[in-house]
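Letter by letter, the chains look like this.
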Amino acid sequence: MTTSAVLIIPAPYKAGANAVGEAMGWGPDNYTIPLSTDGETVTHWACRTDVQPSFLAILLAAGYDLTRAGMTPEQIAVVQAELDAMTPAPVIPPGASTVLAAMDVCLSESLWGIDHMQAVMGEKNMVRL
Amino acid sequence: MDQAVIRRRRVGGFNPAGLFGSTEGLWFNFADISSLYQDNLAATPLTAPDQSIGLAADRSRVRSPITTAAVAQASAGLRPKWGRAPKVKRNLLTWTEDFTNAAWAKANGSVSGTRFTPNTTAAVQHRLDQVSAIPAGPQVFWAELKYAGYQWASLRIGAEGAAFDILNGVVGGITSGATATITSLANGNYLCAFFAPSAVANATIRINVEPSDTIGGQFAGNGINGLDIIRAQREAGSTINSYQKVTNAFDVTESGVPSYGFIRPDLVDDVLTTTMPAAQTGDVAVFGRTASRIESGISYLSGASFSIGATTVTGMSAGVLSSVGDVVGILAIGRALTTAEKATLLAYYQARGAGAWI
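All of the points below concern the structure found in this document. (Residues numbered from 1 in each chain as written. Chains lettered and ligands numbered in written order. Predicted model: local features only at pLDDT ≥ 70, side-chain atom pairs only at ≥ 80, totals over all residues. Heavy atoms only, no water.)

Side note on the environment of V200 of chain B
Residues and elements named next belong to chain B.
- Considering the arrangement of structural elements, one finds V200 in the loop between strand 15 (189-196) and strand 16 (204-210).
- Take V200: its relative accessible area is 9%, and that puts it in the buried class.
- Those residues in contact with V200 that sit more than four places away from it in its chain are Q139, I157 and E160. (Helix = DSSP H or I, 4+ residues; strand = E, 2+ residues; numbered from the N terminus. Buried < 20%, exposed > 50% of the residue type's maximum accessible area, 1.4 Å probe, protein only. Contact = heavy atoms within 4.5 Å.)

Shown next, in the form of structure tokens:
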């Protein structure tokens, strides 16, 4: 089962976020959507994708606070169980903690694709440039 | 021989690769899983719905290696997902055999396995519900239910609905203007169906446990007894058709009926790209499950980038992917197709779930 995810990173962290993504096997240049909070300058970059529970487990292992992604303690417990079952334990790329501290992870089980992206931009008062 | 039979045979034996010959071009057939890979190097074949596509091979001719002229995406976050569905998708619901999924909202109860168990709160709603598309005209909402401690259940579309005695196989109260049936199946299961007239145009369908033969009665559960829900379908029309299992939004199957593949670009950042192996000018066609579109006189330079996504195909009108829906196939050929060729090509893809030209 996959979950729609919009990953948003402040512009100064774009290179670092792409490096972490590549180190995790996601390939290069995943953050391609220029977003703006003022309508003029690119303040953030985003990636709309689908994530597996294993991805959330890696986020958890890297110290990401999943309550920031709107997850309940019960849902986080499920992710923790996924993490506990991972063998070998995931390797957290260098620099991941800095990137994740700056990243917004927006998850949805009901919205997907452009609908999810537009909802997130609306919540965060961002526009696509 | 009947002309329609001749036409069907011609379409059945038709392969779009035959249009190319020595003509330059590209053909990506998302209906055929054998040409699709999860990674951009064609190392891991696509094996199931809900996986993302890293590479789609060019089927316009034999390519070696297979990555030649293939559209691909190196970044995992930018890969479109692949799904499958029968030519005609009727069931408007999703997760139709997994009622634990969040697509089914629960009120005053919980689901474990197939069983919905009302809680001990005194309420008129102990139910699951799901929001779906609203069919035009009359519609049928049916579910296969089984007694697990409660004699009565109801199926509703918005506030309209019917109650069913799933212990004795009897239809109870029905809201005005509607009809309902209950049919005994194997293992004590009942197929309960609510037939709603055109006026019932509500997006939300509900499966309720009821205290009596009248829908909407208040009760408190004991937290133990429940209702087994096996499967559900909402469809347009006034008859119960064959069940289509909607495993999730990317996987729809029907017993005895083939499902055909498609990609669903997210229209945000999903892109598959290749480099044009040679210059060409001609037609480009995209076949989608909602509609298909062909545009003429499109030129590409040798070595130019050719992309599918985020919202269009290189050279085609802006937003074309938004208007065609899930993409079954894309063809770019270095000449103008004849009217007959266009018709045959469309028929080939309509047999695989594509819509008509727009």
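Now that the structure has been shown, we can carry on.
What about the packing of aromatic side chains?
- Summed over all chains, the structure comprises twelve aromatic pairs over all chains.
- Between the aromatic rings of W112 of chain A and F250 of chain B, the centroid separation amounts to 5.4 Å while the plane-to-plane angle is 70°, which identifies the pairing as edge-to-face. In this pair, W112 of chain A sits in the loop between strand 4 (104-108) and helix 5 (113-123) while F250 of chain B sits in the loop between strand 18 (245-248) and strand 19 (251-253), so the two residues belong to two different chains.
- Look at F250 of chain B and you get buried, because its relative accessible area is 5%.
- An aromatic cluster of three or more residues is present, and its members are F14, W27, F287, Y348, Y349 and W357 of chain B. (Phe/Tyr/Trp six-rings, centres within 6.5 Å; stacked < 30°, edge-to-face > 60°.)

Describing the environment of I358 of chain B
Residue and element names in this part refer to chain B.
- Mapped onto the elements, I358 comes out in the segment after helix 3 (339-350).
- Linking I358 and A291, residues 67 residues apart in sequence, is a C-alpha distance of 6.3 Å.
- For I358, the residues in contact, after removing those within four places along its chain, are A291, S292, R293 and S323.

Details of the pattern of salt bridges
All names here are of chain B.
- Using the criterion set out here, one finds 16 salt bridges over all chains in the structure.
- D228 serves as the salt-bridge partner of R115, at 2.8 Å between the closest nitrogen and oxygen. Of this pair, R115 sits in strand 8 (residues 115-118) while D228 sits in strand 17 (residues 226-236), and the two are 113 residues apart along the sequence.
- A salt bridge links D129 to R127, with the shortest nitrogen-to-oxygen separation between them at 2.5 Å. (Salt bridge = Lys/Arg side-chain N within 4 Å of Asp/Glu carboxyl O.)

Digging into the nonpolar core
- Of all hydrophobic cores here, the largest spans 32 residues; its most connected members are W104, L145, L155, I166 and I207 of chain B.
- Residue assignment for this core shows that the elements contributing at least two residues are strand 10 (139-148), strand 11 (152-157), strand 12 (160-165), strand 14 (179-184), strand 15, strand 16 and strand 17 of chain B.
- Here this core gets four residues from one element, more than from any other, and that element is strand 15 of chain B.
- Judged by nonpolar contacts, the second largest core, of 30 residues, contains L7, A17, W26 and L83 of chain A. (Core = buried A, V, L, I, M, F, W, Y, C linked by side-chain atoms within 4.5 Å.)

Details of helix 5 of chain A
Residue and element names in this part refer to chain A.
- Of the positions making up helix 5, those classed as buried are G113, H116, M117, V120 and M121. Viewed along the axis of helix 5, the buried residues span an arc of 130°, placing them on a single side of the element.
- Buried residues in helix 5 make contact with strand 1 (3-10), strand 2 (33-36), strand 3 (44-51), strand 4 and strand 5 (127-128). (Arc of directions from axis to C-beta.)

A short note on the sheet that holds strand 7 (residues 109-112) of chain B
All names here are of chain B.
- Strand order in this open sheet of six strands is 7-8-17-10-15-14, and the pairing throughout is antiparallel. Edge strands, defined here as strands with exactly one partner in the open sheet, are strand 7 and strand 14. Between one strand axis and the next, the sheet turns through 30° on average, direction left out of account. (Pairing = 2+ DSSP bridges. Axes fitted to C-alpha atoms, helices over the stretch in contact; angles between N-to-C directions.)

Comments concerning the sheet that holds strand 13 (residues 170-174) of chain B
All names here are of chain B.
- In spatial order, the strands read 6-9-16-11-12-13; together these six strands make up an open sheet with antiparallel pairing. Each end of this open sheet is capped by a strand with a single partner; those strands are strand 6 (105-107) and strand 13. Taken over all neighbouring pairs, the strand axes of this sheet differ in orientation by 20° on average, direction set aside.

Points about the packing of helix 2 (residues 53-61) of chain A against helix 3 (residues 73-84) of chain A
All names here are of chain A.
- Where helix 2 meets helix 3, the axes come as close as 8 Å, and the angle between the chain directions of the two elements is 90°. On the basis of the axis angle, helix 2 is roughly perpendicular to helix 3. When helix 2 is examined against helix 3, the residues P53, S54, L56, A57, L60 and A61 are found in contact with a partner set consisting of I76, V79, Q80, E82 and L83. (Parallel < 35°, antiparallel > 145°, perpendicular 65-115°, else oblique.)

Regarding the state of the cysteines
All names here are of chain A.
- Enumeration according to the criterion identifies zero disulfides over all chains in this entry.
- Here C47 is not cross-linked by a disulfide; its sulfur's nearest cysteine counterpart is in C106, at 12 Å.
- By relative accessible area, which is 1% here, C47 ends up buried.
- Since its relative accessible area comes to 12%, C106 is described here as buried. (Disulfide = S-S within 2.5 Å.)

Digging into a nonpolar patch on the surface
- A contiguous nonpolar surface patch, about 210 Å² in accessible area, is contributed by V42, V127 and L129 of chain A.
- Along the chain, the position of L129 of chain A falls in the segment after strand 5. (Patch = residues over 30% accessible without salt bridge, like charges linked within 9 Å, V, L, I, M, F, W, Y side chains within 5 Å. Areas by Shrake-Rupley, 256 points an atom, 1.4 Å probe, with all protein chains shown as cover.)

Here we look at the side chain of S4 of chain A
Residues and elements named next belong to chain A.
- Tracing the backbone through its elements, the reader meets S4 in strand 1.
- You can call S4 buried: its relative accessible area is 3%.
- Polar contacts involving the side chain of S4 include one to the side chain of R48, which spans 3.0 Å.
- Polar contacts involving the side chain of S4 include one to the side chain of H116, which spans 2.8 Å.
- Beyond its immediate stretch of four places on either side in the chain, S4 contacts R48, T49, D50, C106, L107, S108, L111, W112, G113 and H116. (Polar contact = N/O pair within 3.5 Å; in protein donor to acceptor, adjacent residues only side chain to side chain.)

What about the pairing of strand 25 (residues 327-333) of chain B?
All names here are of chain B.
- Counting buried positions over the seven residues of strand 25 gives seven, a clear majority of the element.
- Direction of pairing for strand 1 (residues 25-29) relative to strand 25: antiparallel, over a ladder of five bridges. Its bridge partner being in strand 25, G25 is matched across the sheet by I333.
- Looking at chain direction, strand 22 (residues 280-288) and strand 25 are connected through five bridges and run antiparallel. Counted as the bridge partner of V286 is I330 from strand 25.

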